[in-house]
Structures are given as C-alpha cells and as structure tokens.
Amino acid sequence: MAAHTPRWTSKFGFYLIAVGSAFGLGNLWRFPYIVGENGGGAFIILYVLLSITVGCALLIAELMLGKTTHSSLLKATRLISNKVKLPTHWLGRVAMALSFLVLAYYSVISGWVIHFFTQFLMSLVKIGDLSQVESQSLSVLIGNGWLQFLLASVHIVISIVVVAQGVKEGLEKWLTRLMPIFAALVVILVVRAMSLPSRGDVLRFLFYPDFTKLTLNSLSYAIGHVCFTLSIGFGTIVTFSRYLEDEVHLPTIGFRITALDTVVSLVAALLIFPIAFQSSSLPVTDPMLLFEALPKFFNQMKGGEFFGLIFFLCLWLAALNASIGLLETLVANLKDFYPHMKRPVLSWASGGLVLFLTLIPALSGTVFKNFRLHDLSILQVMDVVIINWALPFSAFLIGLSFYYSFDEQVKSKLFISNKVIASEKLYADWNFLIKYVTPSVLILALVLQVIRLLV
Ligand code: PHE
C-alpha cells in the first residue's frame, strides 16, 4: 500500500466519510420534492421499505467488495472479470462515467446553495434586504445560466483543491464541529415549522398513505433515490471501504448508515412541507421547493438573515463534503490504474472534465432551453435517466457481480458474527434480497415504465 493512502484507524473515521458522503443535497433538496411529486405518504412507505431492504443490502455488498478486494471499483471489477470470465470490468467504467455526470449535476445544485448563502450574507451585512432574498434570488438564478455555471465552478474548484492537496482531514475537522450545529439548527427549524397551522395537513400528507397517488413512475423514483442518497452504484463505498480494519462488522455499518440517512430525509420533509403547505403558491412537486420554501420561512423569522446564513452555509459544506467524496473516488480509481501519476494531476484532470460537463446542466434552462425531451429540460432528463435508471442498475450489477464471484465461505465469514444477534438469519435475508428481491424490483420498475410510455 502506498505511503499516502488513508487507513481508517478508527471506525469513526470511516463512519464520518461514509455518512458524510451519504448525507447531502439528496436528503434536504431532492427528497422533499420527489415526495411531493409522488403524492406523499404512500411514496414514503415505498421509499423507506426499499431503503432498509434493497438499499441496505446493496450497500453491504459494496462494503464487502471493497474490503475483500482492497481496491477501488475499477480494479475490483477487473479482478472479478478475470475470475469469472465475464466483462464485469465495464461496470467499473460505467460507474465512473456516472460519477462524472452526477458530480457535474450535483455541482450545479451546490452552486444554487452558494447563491442563497451569499444572498443571506448580503442581507446580514445590509447590502441587500431579506425580502429580496425571498422574492428575487431564485428568479435571478434561474434566468442566468452563466451565473449557475460560475457558482458551480467555484464549488468544483474548491473540491479539486481539497482533493489535490489531500487536506480532507482539515475539512473533516470543521465538518465534525459544524454538523452538530447544523443538526441542532434543523431541529429548531422543524419545531418552528411544525408549529405552523398547516401541521395537520402535513402529517396527513406525509404519514397517511393514499396508494392511489402512486404513479407508474413512483417505483423507479423510489429505488433511484435510495441509490443516490446512500451513494451506491458509484463505487464510492467500494473505494472507501477498502481500508477498513478486519474486525469491523460490515452489515452493522451498512444498516446504521441506511437508518441514519433515512431518518435525516424524513426530518427534511417535516421541515419543508409545513412551510410549503402554509403558502398556497409553493408547488410541492418542483425541484425549486427547498429554495422557495426556506427563504420565505427565514423572512418571517426574527433573526432570519442569521439563521438563513448558517443553514445555507452548513448545507453547502455538506454538499461540498459529498462532492469531495465523489471526486476522491474518481481520483482513487484512476490512481489504481496510473500509479505513477501524481494526485494533483489526476485531481485537476478529473475535476476539469467535471467542470466542462457542468456546462450542460448549468445552461439547460437558458442557452440549451430548446433541447427538451418529453417536455423535460436537460437537467431534468439527467436527473431521471441517471438517478432513476442508470444508478439502480449500476448498484445492482455491482452487488450481483460481488455476490456471484465470491465463495459462500468468504461472504458468510464477513456477515456472520457471534457478537451480532441473529446474524445467521440476517445473512439468509441478505442472500434473498440480493438474489431475488433486487432484480424483481428493477424488472417491475422497468415494466411499469414501459406501460407508462405505451398508455
Ligand atoms: N448521497 C449524496 C446525497 O444524498 C450524493 C452523493 C452520491 C454523494 C454519490 C457522493 C457520492 O446528497
């Protein structure tokens, strides 16, 4: 192992990175509006079920793949390919392509967060005004693709510098300090939001399932979001778990990450929906939901500038951490293949490509506004194609190739532990989930999609 490679000397270090990569815009920005789009409570049930079954099972498979091969995804899928004589090495390449595209898309949304952060900062130092943040910030942003590109570029360049310099530890120190503050702030905001008169309607909408509200798209939305939010299908988990110590119990780690991530998403819904329901003008199905709802809320609050500033700063840092995880994955994959190349060179080369790709989603509402498919903009098409479809298939194939290329003995040894209650039973469940449930869910999602396109 090269001298500079990280080693998770503590389990905590790994948790930090894995939770850090799971927690981000997926929970706070994407989850609420897809719940809105898919009709509320019934979708939440579907999502939670898929998350703790299929999502958790695939996450555990990625953890195991990293730990048994001690390699990044590209190398691991090549090793498997040599072993089982199947072209699994393509999987690693596809996952990398997905990582590049998702990072480009993710950076655009992170740029939106930076925009709101600066707007709140300006209103705090009295250059701007809080009511303007509510009324104008979003429209300024949406109407200006080059501004979106500029903000996304700032985000990407910061990520590159952190990855190139290998100063991630410094950032993590900050994050560990800031995240408890973020968590406390979100709890305060949720309490306030839930004291709005809309509370009753919100609880009914989120927790009283009306299955007729599900559409033929809902299954693919649910499974896609599970993969996106748990960061599976990219190779990130494989890459980070390769240095895990022997004694850690991977299924426990996988379950804890899944549970925490799911709870955070539900809390985010409890924050956004009361505000959205309070004001009839807010469309709950809109990707702009978070950016419309929160400024409105902060505007009505005493000290709103300050709360808004801290909220968007913390959200941006979480998004930055997730982006760094993704870029780090790309660099680690490339480094396995080009060991003689320097880390800064690989970081700038990968980041440069991401920067170039960012032009597409950033300009999708302006310069490229006429490129539409089924009335969706390029940004929306990227979201649907990559997250709802490509990612679940990538996660599934990674899980499956691990499952069939390693002996029963290897897998059961990683899973069954006398320190964990019912681990034998859980091992049987995990086998069942990987072998039967996951492919069935994906096939069903595909069939429903085909029906939707035909009718
Ligand atoms: N899981 C992150 C989120 O929910 C997104 C992400 C995906 C980050 C893949 C890193 C790797 O925001």
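Residues numbered from 1 in each chain as written. Predicted model: local features only at pLDDT ≥ 70, side-chain atom pairs only at ≥ 80, totals over all residues. Heavy atoms only, no water.

As for the overall build of the chain
Note the threshold: Counting from the N terminus, the helices are DSSP H or I runs at least four residues long and the strands are E runs at least two residues long. The reference for a compact globule is 2.2 Å times residues^0.38; the radius of gyration itself is calculated from the C-alpha atoms. Note on classification: 1.4 Å probe, protein chains only; a residue is buried when its accessible area is under 20% of the maximum for its type, exposed when over 50%, partly exposed between these limits. Residue contacts are counted whenever heavy atoms from the two residues lie within 4.5 Å of one another. Using a 1.4 Å probe, the Shrake-Rupley method yields the accessible areas, and only the shown protein chains count as cover for residues. When charges are tallied, Lys and Arg are placed among the positive residues and Asp and Glu among the negative ones, while His and the ends of the chain are skipped. Charged groups are reduced to one reference atom each: NZ for lysine, CZ for arginine, CG for aspartic acid, CD for glutamic acid.
Scanning the chain from terminus to terminus reveals 19 helices and zero strands. For 455 residues, the compact-globule estimate of 2.2 N^0.38 gives 23 Å, and the C-alpha radius of gyration of the chain, at 21 Å, lies within 12% of that figure. By principal-axis analysis of the C-alpha atoms, the chain measures approximately 60 × 50 × 45 Å. Counting over 455 residues, the chain shows a buried share of 56%. Within the chain, contacts between residues separated by at least 24 positions form 82% of all contacts whose residues are at least 6 apart in sequence. Approximately 19,300 Å² of the chain is accessible, and the part contributed by carbon and sulfur atoms is 68%. Counting 32 positive and 23 negative side-chain charges, the chain places the averaged centre of each group 5 Å from the other.

Comments concerning a nonpolar patch on the surface
Worth spelling out the cut-off: Here, patches come from residues exposed beyond 30% relative accessible area and free of salt bridges, joined within 9 Å for like charges and within 5 Å for nonpolar side chains (Val, Leu, Ile, Met, Phe, Trp, Tyr). Take a side-chain nitrogen of Lys or Arg and a carboxyl oxygen of Asp or Glu: if they are within 4 Å of each other, that pair is a salt bridge.
A contiguous nonpolar patch, built from Leu121, Met122, Leu124, Val125, Ile127 and Phe306 and spanning about 540 Å² of accessible area, is present on the exposed surface. Residue contributions to the nonpolar patch peak at three residues, all from helix H5 (residues 89-124). Locating Val125 in the fold gives a position in the loop between H5 and helix H6 (130-135).

A short note on the confidence of the model for the chain
Spelled out, the test is: Confidence scores labelled pLDDT are given residue by residue by the predictor and lie between 0 and 100.
On average, residues of the chain score 90 in pLDDT, and 96% of them are at 70 or above. At the level of individual helices and strands, the chain shows its lowest average pLDDT in helix H1 (residues 11-22), which scores 74, and its highest in helix H11 (residues 218-230), which scores 97. Contacts for the low-pLDDT stretch residues 1-5, under 50 throughout, to residues beyond four places or in other chains number four contacts.

Quick look at helix H14 (residues 289-299)
Of all 11 residues making up H14, nine are buried, and the element is well covered by its neighbours. For H14, every residue scored as buried is listed here: Leu289, Leu290, Phe291, Ala293, Leu294, Pro295, Lys296, Phe297 and Phe298.

Details of the site of the ligand
The line we're drawing: For this description, a residue counts as near a given molecule or strand if any of its non-hydrogen atoms is within 4 Å of it. Any pair of nitrogen or oxygen atoms within 3.5 Å is treated as a polar contact; in protein, a donor-acceptor pairing is required on top of that, and neighbouring residues in sequence qualify only through side-chain atoms on both sides. Three classes are used: nonpolar for Ala, Val, Leu, Ile, Met, Phe, Trp, Tyr, Cys and Pro, charged for Asp, Glu, Lys and Arg, and polar for all others, with Gly counted as polar.
Taken together, the neighbourhood of the ligand is formed by 14 residues, with Ser21, Ala22, Gly26, Tyr106 and Phe228 sitting nearest. At 2.9 Å, a backbone N or O of Phe228 approaches a nitrogen atom of the ligand. Ser231 places a side-chain nitrogen or oxygen 3.1 Å from a nitrogen atom of the ligand. Surface burial for the ligand is 100%, taken as the share of its 320 Å² of free accessible area covered by protein chains. Counting only elements with at least two residues in the shell around the ligand, the list comes to H1, helix H2 (25-37), H11 and helix H15 (304-337). Examining the composition of the shell around the ligand, we find that three residues originate from one element, H2, more than from any other. Of the residues that constitute the shell around the ligand, the class distribution is seven nonpolar, seven polar and no charged.

Re the environment of Ile45
Structurally, the position occupied by Ile45 is in helix H3 (residues 41-69). Given the relative accessible area of 35%, Ile45 is considered partly exposed. Sequence spacing of Ile45 and Thr88 is 43 residues, and the spatial spacing of their C-alpha atoms is 34 Å. With residues up to four places along the chain from it excluded, the contact list for Ile45 reads Pro209 and Phe211.

Side note on the packing of aromatic side chains
Worth spelling out the cut-off: Two rings from Phe, Tyr or Trp (for Trp, the six-membered ring) form a pair when their centres sit within 6.5 Å of each other. Planes less than 30 degrees apart are called stacked, planes more than 60 degrees apart edge-to-face, and all others tilted.
What the rule picks out here adds up to 29 aromatic pairs. On the basis of an interplanar angle of 55° and a centroid distance of 6.0 Å, the ring pair of Phe298 and Phe311 is categorised as tilted. With Phe298 in helix H14 and Phe311 in helix H15, the pair connects residues that are 13 residues apart, well separated along the chain. When its relative accessible area of 0% is taken as the criterion, Phe298 is described as buried.

Topic: the packing of H2 against H3
This is how the line gets drawn: All axes are obtained by fitting lines to C-alpha atoms, using only the stretch in contact for helices, and the reported angles, taken between N-to-C directions, cover 0 to 180 degrees. The scheme is simple: roughly parallel for angles under 35 degrees, roughly antiparallel for over 145, roughly perpendicular for 65 to 115, oblique for anything else. If you view the pair so one helix is near and one far, a crossing is left-handed when the near helix is turned anticlockwise from the far one by less than a right angle, and right-handed when it is turned clockwise.
Viewed as axis vectors pointing N to C, H2 and H3 meet at an angle of 130°, and their least axial separation amounts to 8 Å. By the criterion of interaxial angle, the relationship of H2 to H3 is oblique. You can see that H2 and H3 cross each other, and the crossing is right-handed. Where H2 abuts H3, its residues Phe31, Ile34 and Val35 lie against Phe43, Ile44 and Tyr47. Of the residues assigned to the contact of H2 with H3, the class counts are six nonpolar, no polar and no charged.

Regarding helix H18 (residues 408-415)
Heads up, the condition is: Of all possible arcs, the one meant is that of the directions from the helix axis to the C-beta atoms.
Those residues of H18 lying buried are Lys411, Ser412, Leu414 and Phe415. Seen end-on, H18 carries its buried residues on one side only, within an arc spanning 160°. Facing away from the buried side of H18 by more than 90 degrees, the exposed set consists of Gln409 and Lys413.

Here's the deal with the side chain of His225
Inspection of the secondary structure assignment puts His225 in helix H11. The buried category is assigned to His225, whose relative accessible area is 0%. Reaching out from His225, the side chain makes a polar contact with the backbone oxygen of Gly26 at a distance of 3.2 Å. When near neighbours in sequence (up to four residues on either side) are disregarded, His225 contacts Gly26, Arg30, Phe31, Ile34, Tyr47 and Ile387.

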